[in-house]
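Coordinate analysis (summary)
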Amino acid sequence: MALCGEAHPEELRRALLQLGAAEDPEDLRPPETGLVMTRGRIGGDGRPFNLGEATVTRAAVRLSGGETGFAYHLGRDRAKARLAATLDALWQVRGRRAAVEVALAPVAARRAEERAAEARRIAATRVNFFTMARGED
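Every chain is numbered independently, its residues counted from 1 as its sequence is written. Under the rules for a predicted model, residues below a pLDDT of 70 receive no local features and side-chain atom pairs below 80 are neither given nor counted, while totals for whole chains, interfaces and linings still include all residues. Side-chain numbers here rest on the full set of heavy atoms in the structure, without hydrogens or water.

For the protein, the name recorded in an unreviewed UniProt entry is Phosphonate C-P lyase system protein PhnG, with Methylobacterium terricola as its organism.

Below is the structure:
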């Protein structure tokens, strides 16, 4: 599901077309947008505090075979949430699980490339500090 959250809507549409998913799933929970409170900790281990609110869209669908799919993602794109929920429901069908993963492989490759590029940009600005011993022992 993290992969669907990081995908662009057109990538999700392409994945569904590749899977030949012709059926239109039933909406258990139509796509809706709301706010969630994000929490933080000072230093990673301090007392938690409310950092702020983030916009989240969620959807839940059911296929004709009874499989259900859910999706939550940051932002307001309701169509993307429904597409991601549909892919989640298709992944629940044991016979289609591998095909869904293959259909989403281009998204995984794109995200891996983006992460590597970001790591290279960060590494270029890294400063390695070291301690020199003074001769004042």
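What follows continues from the structure just given.
Some details on the packing of helix α2 (residues 9–19) against helix α3 (residues 78–92)
Rule in force here: Think of each axis as a best-fit line through the C-alpha atoms, taken over the contacting stretch in the case of a helix, with angles from 0 to 180 degrees between the N-to-C directions. Counting from the N terminus, the helices are the DSSP runs of H or I reaching at least four residues and the strands are the DSSP runs of E reaching at least two. Here a crossing is called left-handed whenever its near helix is offset anticlockwise from the far helix by less than a right angle, and right-handed whenever the offset is clockwise. By definition in these notes, contact holds between two residues if any of their heavy atoms fall within 4.5 Å. For this classification, Asp, Glu, Lys and Arg are treated as charged, while Ala, Val, Leu, Ile, Met, Phe, Trp, Tyr, Cys and Pro are nonpolar and the rest, including Gly, are polar.
Two numbers describe how α2 lies on α3: the axes approach to 9 Å, and their chain directions differ by 35°. Between α2 and α3 lies a crossing whose hand is left-handed. Here Pro9, Leu12, Arg13, Ala15, Leu16 and Leu19 of α2 lie close against α3, whose contacting residues are Ala79, Lys80, Leu83, Ala84, Thr86, Leu87 and Leu90. Partitioned by chemical class, the residues of the contact of α2 with α3 number 10 nonpolar, one polar and two charged.

Topic: the nonpolar core
For clarity, the cut-off: By nonpolar core we mean a set of buried residues, namely Ala, Val, Leu, Ile, Met, Phe, Trp, Tyr and Cys, connected to one another through side-chain atoms within 4.5 Å. Buried means the residue's accessible area, taken with a 1.4 Å probe over protein chains only, is under 20% of the maximum for its type, while exposed means over 50%, and partly exposed covers the values in between.
Of all hydrophobic cores here, the largest spans 21 residues; its most connected members are Cys4, Leu12, Leu19, Leu87, Leu90, Val100 and Leu104. If you list the elements that add at least two residues to this core, you get α2, β2 (48–62), α3 and α4 (97–103). Here this core takes seven residues from α3, the largest share from any one element. The contact partners of leucine 12, leaving out residues within four places of it in the chain, are Cys4, Ala7, Lys80, Leu83, Ala84, Leu87 and Leu104.

Some remarks on the sheet that holds strand β3 (residues 68–74)
Which entries qualify depends on this criterion: The pairing criterion is simple: DSSP has to find at least two bridges between the two strands.
Strands sit in the order β1-β2-β3 across an open sheet of three strands; the sheet is antiparallel. Either end of the sheet is taken by a strand with one partner, and the two such strands are β1 (26–41) and β3. The average angle at which neighbouring strand axes cross in this sheet is 25°, direction not considered. Sheet topology places β1 next to β2; 13 bridges connect them, and they run antiparallel. Note on β2: the bridge partner recorded for aspartate 27 is valine 61.

Concerning the side chain of aspartate 88
What counts is decided by this rule: Neither His nor the chain termini are counted; the positive set is Lys and Arg, and the negative set is Asp and Glu. Counted as salt bridges are all cases of a side-chain nitrogen of Lys or Arg within 4 Å of a carboxyl oxygen of Asp or Glu.
In this fold, aspartate 88 is placed in helix α3. Buried and unpaired, aspartate 88 has arginine 97 as its nearest opposite-charge partner, separated by 8.2 Å. Contacts of aspartate 88, omitting those with residues within four sequence positions, involve Met1, Thr68, Gly69 and Phe70.

Description of the environment of glutamine 92
Topologically, glutamine 92 is positioned in helix α3. The contacts of glutamine 92, once residues within four sequence positions are left out, are Glu67, Thr68 and Arg97.

Considerations on the pairing of β2
As paired elements, β2 and β3 share seven bridges and run antiparallel to each other. Residue pairing across strands places valine 56 opposite leucine 74, the latter belonging to β3.

Overview of the pattern of salt bridges
Counting across every chain of the model gives 10 salt bridges. Glutamate 32 serves as the salt-bridge partner of arginine 58, at 2.7 Å between the closest nitrogen and oxygen. You can see arginine 58 sitting in strand β2 and its partner glutamate 32 sitting in strand β1, a full 26 residues away along the chain. We classify arginine 58 as partly exposed; its relative accessible area is 29%. Judged by its relative accessible area of 31%, glutamate 32 falls in the partly exposed class. Overlapping salt bridges, with partners in common, bring together Glu6, Glu11, Arg110, Arg111, Glu114 and Arg115 in one network.

Notes on a nonpolar patch on the surface
Definition in use: Only residues whose relative accessible area exceeds 30% and that take part in no salt bridge are eligible for patches, with like-charged residues grouped when within 9 Å of each other and nonpolar side chains (Val, Leu, Ile, Met, Phe, Trp, Tyr) grouped when within 5 Å. Note on areas: Shrake-Rupley, 1.4 Å probe, and residue coverage restricted to the protein chains presented here.
Residues Ile42, Phe49 and Leu51 make up a contiguous nonpolar surface patch of about 320 Å² in total accessible area. Structurally, the position occupied by leucine 51 is in strand β2. On the basis of relative accessible area, leucine 51 is assigned to the exposed category, the value being 59%.

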